[in-house]
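Summary of the model geometry
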Amino acid sequence: MVGGRLANADSRLKLGVFSMNCSGGTSASTLPRDYRVTWEHSSAIVRRAEAIGFDFVIPVAKWRGFGGETDFYGESFETLTWAAGIAAQTSAITVVATCHVPVIHPTFVAKAGATVDAISGGRFALNVVMGWYPAELGQFGIEPAEHDIRYAHGAEWLTALKRLWTEDAPFDFDGRWTRISDGLSKPKPVHPPQIINAGTSPAGIDFAARQCDILLASRNTLDGTKAFVDTVKDTARERHGRSLRVLNVGQVICAPTEAEALARKQAILDSVDKVAAENFMKFLGLKSNSYDETLLVYRELFVTAAGGFPLVGTPEQVARQMGEMAAAGIDGFALGFYDYYDELGFFGENVMPLLRKAGLHV
């Protein structure tokens, strides 16, 4: 894979590790595990992912947690600083940082991103998020804007950032939310870093189609995935004359037998941090005031599958499920694991050979 170009990797299905910089990872559960937020552990996870052939790593930018016994996401590493350290300890994997548009000026991101890109030799990519959690934006004295306005802000912010990364002459930028006087940023990245966004609303899809290289989705069933992917890619091509790749969040719960995998999934769910899970879902826009069947289904997905696709079963079953999503048009997975380090080792030994045999990964 050419550094930083995770959407142009040779593999049919690109693979990344997701949310390994935050407490809880991708599961708001109290079930005991070795996963922890320390530099040594986080770095070891990424180096193991690189060693088994993963293509990229995406951290989550969080400034506040969601309460409960675990305070899910309450402890985290800031992602640009984290990415610089990871870049220095790796040699092939694409290192992504995640930035909240409302809280950080594009001039700073241009310089910081170019620094990570230089450290990594061109392996930097940027995940941009618009900001939706009032508790964390409130720490910056900001209230989240109305949904579609957030994406208008993001489009303006990203336009300014791209100019700082590519233009050699100073320029003024007078936007509604972003202002730059005599702006210039040097050095430039090795090449303009690829941009990722996870918006899947109509406004989010159009933003990604116009401005981004990769859309990070959270499809939690195979049903409807092909139609969704086709819509996203058609929007980019037909409305904006661009190509767009679609990655999906997934959660791996893999074991030698199906019974063991299902038992592990149930143990994680049985130990759910209900307060944290309800808060997380509430602020993502899900109804959480009643404990009806729909809510319980979503809670299960958030706790055991990171809100994305549950990859549960034997190595053969997990590989087959990933292949089915690839056949539906998904270009890769950002994967969570309950206990990242050990479970990545099992995945590398038992699932990766099956993906390679199937022609899904090289």
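Use the structure listed above.
Here we summarise the structure given alongside this text.

Parameters and conventions
Residues numbered from 1 in each chain as written. Predicted model: local features only at pLDDT ≥ 70, side-chain atom pairs only at ≥ 80, totals over all residues. Heavy atoms only, no water. Salt bridge = Lys/Arg side-chain N within 4 Å of Asp/Glu carboxyl O. Buried < 20%, exposed > 50% of the residue type's maximum accessible area, 1.4 Å probe, protein only. Helix = DSSP H or I, 4+ residues; strand = E, 2+ residues; numbered from the N terminus. Expected span 1.5 Å × (residues − 1). Arc of directions from axis to C-beta. Core = buried A, V, L, I, M, F, W, Y, C linked by side-chain atoms within 4.5 Å. Contact = heavy atoms within 4.5 Å. Phe/Tyr/Trp six-rings, centres within 6.5 Å; stacked < 30°, edge-to-face > 60°. Lys NZ or Arg CZ within 6 Å of the ring centre and 35° of its normal.

**Some words on the pattern of salt bridges**
- Scanning all chains against the criterion turns up 13 salt bridges.
- Residue Arg179 is joined to Asp174 by a salt bridge in which the shortest nitrogen-to-oxygen separation is 3.2 Å. In terms of burial, Arg179 and Asp174 fall into one category: exposed.
- Glu300 serves as the salt-bridge partner of Lys265, at 3.0 Å between the closest nitrogen and oxygen.

**A short note on helix H8 (residues 258-270)**
- Between its first and last C-alpha atoms H8 spans 18 Å; for 13 residues at 1.5 Å apiece the expected length is 18 Å, and the two agree.
- The complete set of buried residues in H8 reads Ala261, Lys265, Ile268 and Leu269. Buried residues of H8, seen end-on, are gathered within an arc of 100° and therefore sit on one face of the element. Exposed residues on H8 whose side chains face more than 90 degrees from its buried face are Ala259 and Asp270.

**What about the nonpolar core?**
- Within the largest apolar cluster, 78 residues are counted, with the highest numbers of intra-cluster contacts made by Phe54, Leu126, Met322 and Phe347.
- A total of eight residues in this core trace back to one element, the largest contributor, which is helix H5 (residues 147-166).
- Setting aside anything within four residues of it in sequence, one finds Leu126 in contact with Val96, Ala97, Cys99, Val109, Trp157, Leu161, Trp165, Gln194, Ile195 and Ile196.

**Considering the packing of aromatic side chains**
- All told, the structure shown has 17 aromatic pairs when counted by the stated rule.
- Ring plane angle 50° and centroid distance 6.5 Å describe the contact between Phe309 and Phe333, whose orientation is recorded as tilted. A residue pair is termed long-range when its members are at least 10 positions apart, and Phe309 in strand S10 (residues 309-313) and Phe333 in strand S11 (residues 332-337) qualify at 24 residues.
- Geometrically, the ring pair formed by Phe337 and Phe347 is edge-to-face, given 5.8 Å between the ring centres and 80° between the ring planes. Here the residue Phe337 occupies a position in strand S11, and Phe347 occupies one in helix H12 (residues 340-350), the gap between them amounting to ten residues. Each member of the pair Phe337 and Phe347 is classed as buried.
- Connected via pairs of aromatic rings, a cluster forms that spans Phe66, Phe72, Tyr73, Trp132, Tyr133, Phe280 and Phe302.
- Over the face of the ring belonging to Tyr338 we find Arg33, whose NZ or CZ atom lies 3.8 Å from the ring centre.

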